[in-house]
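# Chains, contacts and geometry: an overview
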Amino acid sequence: VAPFARLGRQPLGERVVALRDIVGTVDRAGKVFDRDFRPTRQRARDRFQGVFVAMVRGEPLPPVELYRWHGRYYVSDGHHRVAAARALGMDYLAGEVIDLVGR
């Protein structure tokens with residue numbers, strides 16, 4: 001969150017977000033996922049597979065946690081859910097959104 005640390009935050013609640021608008025991450029998960037949210041480490045791949053199967057089965061999963069900055073979204077929590085949704089070809093995902101306000 002360091003680049004966003006000085007910005008104000010306004011919770012927007014749960015929203016349906018286009019996966020194409022989720023463009024990055026706000027934490028160290030950037031080292032565990034590539035730019036397209038594909039897991040790059042075995043532990044992340046194992047977790048991804050579990051989330052993928054849960055989504056295929058239609059099991060309820062919590063919304064991902066996102067920051068919105070200039071119309072783009074950055075994942076705070078839910079990287080595996082974003083990865084699985086993309087792998088499944090989904091267009092949208094539920095997210096708890098916090099709008100970042102400021103420069």
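Everything numeric in this text was worked out from a predicted model, so none of it was measured.

## Examining helix α2 (residues 79-87)
One turn of an α-helix holds 3.6 residues; hence residues three or four places apart share an orientation. Burial within α2 is extensive, with 7 of its 9 residues counted as buried. Buried residues along α2 sit against β2 (22-25), α1 (42-56), β3 (64-69), β4 (72-77) and β5 (92-101). Downstream of α2 by a residue or two, Gly89 has a phi angle that is positive, lying close to 75°.

## Considering α1
The end-to-end C-alpha separation of α1 is 21 Å, in line with the 21 Å expected for 15 residues at 1.5 Å each. Of the positions making up α1, those classed as buried are Ala44, Phe48, Val51, Ala54 and Met55. Viewed along the axis of α1, the buried residues span an arc of 125°, placing them on a single side of the element. Exposed residues lying more than 90 degrees from the buried face of α1 are Gln49 and Val56. Buried residues in α1 make contact with α2 and β5. Of the residues one or two after α1, Gly58 is the one with positive phi, at around 80°.

The rules behind the values
Residues numbered from 1 in each chain as written. Predicted model: local features only at pLDDT ≥ 70, side-chain atom pairs only at ≥ 80, totals over all residues. Heavy atoms only, no water. Buried < 20%, exposed > 50% of the residue type's maximum accessible area, 1.4 Å probe, protein only. Helix = DSSP H or I, 4+ residues; strand = E, 2+ residues; numbered from the N terminus. Contact = heavy atoms within 4.5 Å. Expected span 1.5 Å × (residues − 1). Arc of directions from axis to C-beta.

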